[in-house]
Amino acid sequence: MSKVTTGQKSGSFLEVGSSPLSPVLDLAAEIHRSLATLTTLPALKDIFVEAHGAGAVALEAVWNAPRKEVGNFRAWPVFLGMRHSIVEGAAFNRGDLERSFPEYYPDGQPSRIRGAIGEAVRNIGQHGHRYQDGYPAIVNGEAVFAPGAVFAREIVSQDSQGQAHKMLVVMVTDEGRGVAKPQESLLHGVGGCEGTEHLGMGYELEGTLLYLVKSRVDNGGGEWILFDGLHTQQAVPENSRSGGWGRSAEGKCIDPIQTVDLPKPPRGCQKIMFFAHPEANTQGAFDEVQKAISQLAR
């Protein structure tokens, strides 16, 4: 893989080989712009009109569902189907996401990014959809719009020391009940399916540089909370469940870095994940992203 060149002045181009990527951007400004886009979206049914009105569709249609362009983000609808025991499965056009950002999915290598996004999408099937009081009678081999979505964009920037940064910003969002207390939920086992490889929201956090999640909006409450994914390493308990489905996993709560002053969507769960480029200086990227988000702290 070609290395990103550094040392250009603001307004020039970063290059991989001989192909220009994009203009050098102010990272803080672009992060703020991205967060403004993601936190002021219309209802998902209004973004994905075709998916919302389609009713039940074949799983092949889900895996090939076209993306939307929303601001600087690419977006894919999430569908329910493929039930696992009593838990509804969730799926989207993951192949198109990975083809859109191939540098973040090196061939033949495990991908923490894939795991974090996949776990967040799967969690829509478990908690983040409109069928909270009874699952729909989805025919085997078919799926329906959740509603949920995956939004993704790459930011290419340069800091004041001339260091180039490339990172992927992803939001997985739904219109379910939301997460009441993220500090208690970002643990191995919470939101997991016992007896499967799905191990819960702790794996979402640990796959990221930084993880920004909105807590449940009840009676006008709720807040955006920032967590450190790069430096969080939880011990995996021998039994990742502690008392059955829906209970908290073993382990202490995760201390957040700070709360962030952003608009609060009125419904659902929004998880915004920052991922470093595989060749990046992860600590440097972490510092730059945290610095940008801290400007929005309460």
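Summarised in this report is the structure supplied together with it. (Residues numbered from 1 in each chain as written. Predicted model: local features only at pLDDT ≥ 70, side-chain atom pairs only at ≥ 80, totals over all residues. Heavy atoms only, no water.)

**Topic: the overall build of the chain**
Heads up, the condition is: To qualify as a helix, a DSSP run of H or I must reach at least 4 residues; to qualify as a strand, a run of E must reach at least 2; elements of each kind are numbered from the N terminus. To sort residues, take the accessible area from a 1.4 Å probe on protein chains only and compare it with the maximum for the residue type: under 20% means buried, over 50% means exposed, and anything in between is partly exposed. Should any heavy atoms of two residues lie within 4.5 Å, those residues are counted as being in contact. Here the open area of atoms and residues is found with the Shrake-Rupley method and a 1.4 Å probe, where only the protein chains shown may cover a residue.
Helix and strand counts for the chain stand at 9 helices and 12 strands. Sorting the 298 residues of the chain into buried and exposed places 51% on the buried side. Sequence separation of at least 24 residues holds for 71% of the intrachain contacts in the chain that already meet a minimum separation of 6. As displayed, the chain offers around 13,700 Å² of accessible surface, 48% of which is attributable to carbon and sulfur atoms.

**Remarks on unusual backbone geometry**
With an omega of -5°, the peptide bond between Ala146 and Pro147 qualifies as cis. Mapped onto the secondary structure, Pro147 falls in strand E7 (residues 142-158).

**Some remarks on the packing of helix H1 (residues 27-38) against helix H9 (residues 282-294)**
Note the cut-off: Axes here mean lines fitted to C-alpha atoms, for a helix over just the part in contact, with angles spanning 0 to 180 degrees between N-to-C directions. An angle below 35 degrees is treated as roughly parallel, one above 145 as roughly antiparallel, one from 65 to 115 as roughly perpendicular, and anything else as oblique. What makes a crossing left-handed is the near helix being turned counterclockwise from the far one by less than a right angle; a clockwise turn instead makes it right-handed. When residues are sorted by character, Ala, Val, Leu, Ile, Met, Phe, Trp, Tyr, Cys and Pro go into the nonpolar class, Asp, Glu, Lys and Arg into the charged class, and all the rest, Gly among them, into the polar class.
Their axes nearest at 9 Å, the elements H1 and H9 cross at an angle of 60°. Considering the angle they form, H1 stands oblique to H9. Relative to H9, H1 is oriented so that their crossing is right-handed. Residues Leu27, Ala28, Ile31 and His32 of H1 form the contact with H9, whose participating residues are Glu288, Val289, Ala292 and Ile293. Its residues placed into classes, the contact of H1 with H9 shows 6 nonpolar, 1 polar and 1 charged.

Nothing here speaks to function; it is all geometry.
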